[in-house]
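Examination of the molecular architecture
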Protein chains: 2
Amino acid sequence: MSLPHAILTALLEKPSSGLELTRRFDKSIGYFWSATHQQIYRELGKLEAEGFIRTLPAAQPARGQKKSYEVLPAGRAELARWTAAPQDPKTLRDPLLLRLRAAAVVGTAGLEADLRRHLELHRRQLAEYQEIEKRDFPPDRDAPEDRLRHLVLRAGIDLETFWTQWLTHALAEFAGLPGEGRDRS
Amino acid sequence: MSLPHAILTALLEKPSSGLELTRRFDKSIGYFWSATHQQIYRELGKLEAEGFIRTLPAAQPARGQKKSYEVLPAGRAELARWTAAPQDPKTLRDPLLLRLRAAAVVGTAGLEADLRRHLELHRRQLAEYQEIEKRDFPPDRDAPEDRLRHLVLRAGIDLETFWTQWLTHALAEFAGLPGEGRDRS
DNA sequence: GAGCTTTATGCAACTAGTTGCACAACCAGC
DNA sequence: GCTGGTTGTGCAACTAGTTGCATAAAGCTC
């Protein structure tokens, strides 16, 4: 149950409407927790019902009407509670690894091309993160919040680095595989 | 939709009953694609209905009765198709990173202890993978299937290595954070 | 042979997330 | 002043995965 807390964090950083949140989930927050606008609207409704957020005064009636939310003290408390509460690490769960294992049984035909595509995508993502790092975290900035946010970005950078390296290694292995191993279905 | 294909792979490696599959998903396959016995039984039913697998002759009636499955040619073809079909890389999605970002807003109190726990768990997992590597992939083995399976294990090892390093780094950052940054809710 | 535990199979309900669509208001251009 | 795209909000249905429980048979223990 992370989405409500992702939204609380985003709203604490800056009160927003559903659409604004959606946009922010397409950028910064979405880099490690993506969400569609439907999920966000549904969750905003629940959070309001639970008394964790409320709509800012101003206009609120009817559809097609911009509605901005802000976090109430109960919401902040809930977020603090959740942040501190122990949670088990996510277990690894990746279809790509499954496909590799399947390839050991049915042959690697076709898989290689998709591996190349993945490599390219991860390289691009890595470049994008590095761009953000250069822009948002110059060496002199070191307020506590910046340090924590930088740490999160570092995780993204290091993960993309891992994937590009691993995929490169995998493709090298493929190249060394005997021809008959590459398709035997 | 990876579970059916995980099961097909497992059954191609060795025909099994639901319980045997469950056990294998608790070990090797489960390292990168976990599944509960309920998921497995449900999926076996579907795969059989679709004509991808069938029960081995022998005993098959009633509950509490062992039922073994084997893959039919259609199942193998489907697995080969799926393995070669392009799929987008999984997007990063980790509650831990979210909690770190939340901590930038509500303070890091409590989070540090859980980070330490994660570090310990990842270290343990890493040791386990390295143990498997030593046991199952001695330097002289290099049949194509072994190479591919080794590659998958390598991904696990490298990912756990990444997490231990990143968590170590994160904890070092926490230590350097000013006291007031550690809890301001 | 009555009861207890283990092995093996399975249903049903729930939670989280995705996809597809609907609809209202506003803002152009003509 | 209507037509057509864009912005903003939302419902409903579906898919994947989890949790909790039910049940049947086999074996063991006294």
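Anything mentioned here points back to the structure above.
Residues numbered from 1 in each chain as written. Chains lettered and ligands numbered in written order. Predicted model: local features only at pLDDT ≥ 70, side-chain atom pairs only at ≥ 80, totals over all residues. Heavy atoms only, no water.

1. Structural notes on helix 5 (residues 95–106) of chain B
For helix 5 of chain B, which comprises 12 residues, the first-to-last C-alpha distance of 16 Å matches the rise-based estimate of 16 Å (1.5 Å per residue) to within 8%. Burial within helix 5 of chain B is extensive, with 12 of its 12 residues counted as buried. Taken residue by residue, helix 5 of chain B has P95, L96, L97, L98, R99, L100, R101, A102, A103, A104, V105 and V106 of chain B as its buried positions. Close packing links the buried residues of helix 5 of chain B with helix 1 (3–13), helix 4 (73–84) and helix 7 (144–176) of chain A together with helix 6 (111–136) and helix 7 (144–176) of chain B. N-capping of helix 5 of chain B is provided by D94 of chain B, with a side-chain oxygen placed 2.8 Å from the backbone N of L96 of chain B. Downstream of helix 5 of chain B by a residue or two, G107 of chain B has a phi angle that is positive, lying close to 100°. (Helix = DSSP H or I, 4+ residues; strand = E, 2+ residues; numbered from the N terminus. Expected span 1.5 Å × (residues − 1). Buried < 20%, exposed > 50% of the residue type's maximum accessible area, 1.4 Å probe, protein only. Contact = heavy atoms within 4.5 Å. Polar contact = N/O pair within 3.5 Å; in protein donor to acceptor, adjacent residues only side chain to side chain.)

2. As for the sheet that holds strand 2 (residues 53–55) of chain B
Residues and elements named next belong to chain B. One open sheet accounts for three strands, arranged 1-3-2; its pairing is antiparallel. Every other strand in the sheet has two partners, leaving strand 1 (16–17) and strand 2 as the edge strands with one partner each. In terms of strand pairing, strand 2 meets strand 3 (residues 68–71) through three bridges, oriented antiparallel. Among the inter-strand pairings, I53 is bridged to a residue of strand 3, identified as V71. Running over the sheet, helix 1 (residues 3–13) touches strand 1, strand 2 and strand 3 and is turned about 95° from strand 3. (Pairing = 2+ DSSP bridges. Axes fitted to C-alpha atoms, helices over the stretch in contact; angles between N-to-C directions.)

3. Observations regarding the protein's contact with DNA strand D
Lining the immediate surroundings of DNA strand D are 20 residues, of which L19 and Q38 of chain A together with M1, Q39 and R42 of chain B lie closest. A share of 58% is what sugar and phosphate atoms reach among the atoms of DNA strand D within 4 Å of the protein. In the environment of DNA strand D, a phosphate oxygen lies 2.9 Å from a nitrogen or oxygen atom belonging to the backbone of L19 of chain A. Within the side chain of R23 of chain A, a nitrogen or oxygen atom sits 3.3 Å from a phosphate oxygen of DNA strand D. Of all the elements in the fold, those that place two or more residues in the surface near DNA strand D are helix 2 (18–26) and helix 3 (37–49) of chain A together with helix 3 (37–49) of chain B. Of the residues in the surface near DNA strand D, the class split is four nonpolar, nine polar and seven charged. (Near = heavy atom within 4 Å. Nonpolar A, V, L, I, M, F, W, Y, C, P; charged D, E, K, R; others polar.)

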